[in-house]
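Summary of the model geometry
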There are 2 protein chains.
Amino acid sequence: MPVAYEKLTAKGRATRERIVAAASELMLQRGVARTTIEDIQEAATISTSQMYHYFADKKDLVSAVIDYQTDQVLSFQHLGLDRIESIDDLRRWRDVMVDAVHGRNGLGGCPLGSMASELSDCDPVARARLARSFAQWENVIRDGLVAIATRGELAAGTDIDGIALAMLAALQGGLLLSQVRRDAAPLAAAVDTMIEHLSRLGMR
Amino acid sequence: MPVAYEKLTAKGRATRERIVAAASELMLQRGVARTTIEDIQEAATISTSQMYHYFADKKDLVSAVIDYQTDQVLSFQHLGLDRIESIDDLRRWRDVMVDAVHGRNGLGGCPLGSMASELSDCDPVARARLARSFAQWENVIRDGLVAIATRGELAAGTDIDGIALAMLAALQGGLLLSQVRRDAAPLAAAVDTMIEHLSRLGMR
């Protein structure tokens, strides 16, 4: 049994974090199936006994990686979405995302989307965890849309829940197609169409 | 060197097709990395020498699987999209897709999207092949939108290319989120929002 997180010393927590960061990077690059515990040990320069001090098995590591990637993605999303009050703010958030994807030629897609695609049908624990992560992301988007509606930029009766879910789908599909094409155009087209739709919903 | 497809007898082509169908099913279930040549041989009940009679290596099989899945997906898409002339037709196409995904609880996601997510960053040949498949799919959608515009249901100046790409992204993101959630709602929300957008674009 690995040591519970709460019982780890500050140094122990730092080592655990180093392992998770190394595992995340490898799993994002190669996928979960192609990443072995040995690869991660080597990348994090830790011994086998250290590894099992922190994690019971690969599935345990995968859960930690999902949590880590969720934090990374959501803090990036919060950065852009927390201050959203208008459709113009949404356009700025779009620019930040499209620029980021353009800067890496679409490589990597979405870390959560990639894990979801690989694990949803074969790992029920990972699937449930990823579903929760996407629900959190959807909530962040919904909060932004509610702020826009509160400001009066959306017509009364707009289906904010449906549009929040559709926006998350647009992001996921856009990121995946940008990864395949090595080009930010699909992400831009997907999000632009959603924003255009929202801005028309606001016209009286 | 495997035998060129053109030189295969009818029986040889049938065997090759059986191998590709078995490989497609396994790769869709488990992912490419988790599927070995031996698994495929067993599933298709063929010998090692037969396998190498048809395919040089696993990468060669992956290419054949991408072509096979592209044919499957596009013939399903053509079925719904070829007769599209109006936004109402688009709604019927949406129902067929959402029903199909609902019927399998989202399982499987999109075969092309799953391969794209797994292979884009680590297999340049597969990536290029998948990019071509998605371009074909995008064209099928664009043709449907052009037919709708020709009928006069879209305002002049509508960015049909951008919307076709956004619709493909909506499908991909919707299918992925439906796979994670085991629920067709994300696909429905994504496509409904796109169709709603199109129908508003047609209002004068």
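Residues numbered from 1 in each chain as written. Chains lettered and ligands numbered in written order. Predicted model: local features only at pLDDT ≥ 70, side-chain atom pairs only at ≥ 80, totals over all residues.

Secondary structure summary: chain A contains nine helices and zero strands in total. By principal-axis analysis of the C-alpha atoms, chain A measures approximately 65 × 35 × 30 Å. Residue burial in chain A is summarised as follows: out of 204 residues, 42% are buried. Long-range contacts, defined here as pairs at least 24 residues apart, represent 68% of the contacts in chain A between residues at least 6 apart. (Helix = DSSP H or I, 4+ residues; strand = E, 2+ residues; numbered from the N terminus. Buried ≥ 20, exposed ≤ 12 C-beta atoms within 10 Å, placed from the backbone. Contact = placed C-beta atoms within 7 Å.)

A few words on the environment of Leu201(B). Residue and element names in this part refer to chain B. Positionally, Leu201 belongs in helix α9 (residues 185–201). When the 20 C-beta atoms within 10 Å are taken as the criterion, Leu201 is described as buried. Measuring from C-alpha to C-alpha, the distance between Leu201 and Thr158 comes to 7.5 Å, with 43 residues separating the pair along the chain. Sequence-distant contacts of Leu201, defined by excluding residues within four places in its chain, comprise Leu154, Ala155 and Thr158.

Residue and element names in this part refer to chain A. Positive phi values are uncommon outside glycine, yet Thr45 reaches one of about 45°. If you check the backbone angles, Asn105 has positive phi at about 50° while not being a glycine. Looking at the secondary structure, you find Asn105 in the loop between α5 (87–103) and α6 (111–119).

This part is about the relation of the copies chain A and chain B. Its rotation angle being 180°, the transformation that places chain A on chain B also includes 0.0 Å of axial translation and leaves an RMSD of 0.0 Å. The operation mapping one copy onto its partner corresponds to a two-fold rotation axis. Within chain A, the C-alpha atom positioned nearest to the axis of rotation is that of Gly173(A), 1.9 Å from it. Comparing interface residues between copies, 100% of those in chain A also sit at the interface in chain B, which points to an isologous, same-surface contact. (Least-squares fit on C-alpha atoms with pLDDT ≥ 70 in both.)

What follows deals with the environment of Tyr68(B). Residues and elements named next belong to chain B. Counting through the fold element by element, Tyr68 comes out in helix α4 (residues 58–81). Its 16 C-beta neighbours within 10 Å are what place Tyr68 among the partly exposed residues. Distance from Tyr68 to Val20, taken between C-alpha atoms, is 7.4 Å for residues 48 residues apart in sequence. Tyr68 has contacts with Val20 and Ser24, leaving out every residue within four places of it along the chain.

Residues and elements named next belong to chain A. Here chain A is described as being made up of domain 1 (1–56) and domain 2 (58–201). In this complex, domain 1 contributes 12 residues to the contact, which on the side of domain 2 involves 14 residues. If you list the elements that add at least two residues to the side of domain 1 that touches domain 2, you get α1 (10–30) and α2 (37–44). (Domains from an automatic or database assignment.)

Tallying the contact residues gives 43 residues for chain A and 43 residues for chain B. Element by element, the count of residues in the side of chain A that touches chain B is highest for helix α8 (residues 160–181) of chain A, at 16 residues. Of the residues belonging to the side of chain A that touches chain B, the class tally is 20 nonpolar, 15 polar and eight charged. (Nonpolar A, V, L, I, M, F, W, Y, C, P; charged D, E, K, R; others polar.)

Right, let's talk about the packing of helix α1 (residues 10–30) of chain B against helix α2 (residues 37–44) of chain B for a bit. Residues and elements named next belong to chain B. At their nearest, the axes of α1 and α2 sit 9 Å apart, and the two run at 120° to each other. Regarding the angle of α1 to α2, the classification is oblique. Note on packing geometry: the crossing formed by α1 with α2 is right-handed. Contacts from Arg18, Ile19, Ala22, Ala23 and Leu26 in α1 reach Asp39, Ile40, Ala43 and Ala44 in α2. Class assignment for the residues of the contact of α1 with α2 results in seven nonpolar, no polar and two charged. (Axes fitted to C-alpha atoms, helices over the stretch in contact; angles between N-to-C directions. Parallel < 35°, antiparallel > 145°, perpendicular 65-115°, else oblique. Left-handed = near helix turned anticlockwise from the far one by under 90°.)

Interpreting fine coordinate detail is not advised for predicted regions of low pLDDT. Confidence in the prediction of chain A, expressed as mean pLDDT, is 93, and 99% of residues score 70 or more. Interface predicted TM-score (ipTM) for the complex: 0.95; the corresponding pTM is 0.95. (pLDDT = per-residue confidence, 0-100.)

Residues Ala166(A), Leu168(A), Ala170(A), Ala166(B), Leu168(B) and Ala170(B) are the most contacted members of the largest nonpolar core, which totals 112 residues. Not counting the four nearest positions on each side in its chain, Ala166(B) is found in contact with Ala170(A), Ala189(A), Ala190(A), Thr193(A) and Met194(B). (Core = buried A, V, L, I, M, F, W, Y, C linked by C-beta atoms within 7 Å.)

Our focus in this paragraph is helix α9 (residues 185–201) of chain A. Over its 17 residues, α9(A) extends 24 Å from the first C-alpha to the last, a length consistent with the 24 Å expected when each residue adds 1.5 Å. Counting buried residues along α9(A), 12 of its 17 residues qualify, which places the element largely inside the surrounding structure. The complete set of buried residues in α9(A) reads Pro186(A), Leu187(A), Ala188(A), Ala189(A), Ala190(A), Val191(A), Asp192(A), Thr193(A), Met194(A), His197(A), Leu198(A) and Leu201(A). Buried residues along α9(A) sit in contact with α5 and α8 of chain A together with α8 (160–181) and α9 of chain B. (Expected span 1.5 Å × (residues − 1).)

With that settled, consider the packing of helix α7 (residues 124–150) of chain A against α8(B). Working note: a packed helix pair is described by the angle between its axes plus the distance between those axes. Relative to each other, α7(A) and α8(B) sit at 125°, their axes nearing to 8 Å. It follows that α7(A) is oblique to α8(B) by the angle criterion. On α8(B), the residues touching Arg127(A), Leu130(A), Ala131(A) and Phe134(A) of α7(A) are Leu177(B), Val180(B) and Arg181(B). When grouped by side-chain class, the residues that make up the contact of α7(A) with α8(B) number five nonpolar, no polar and two charged.

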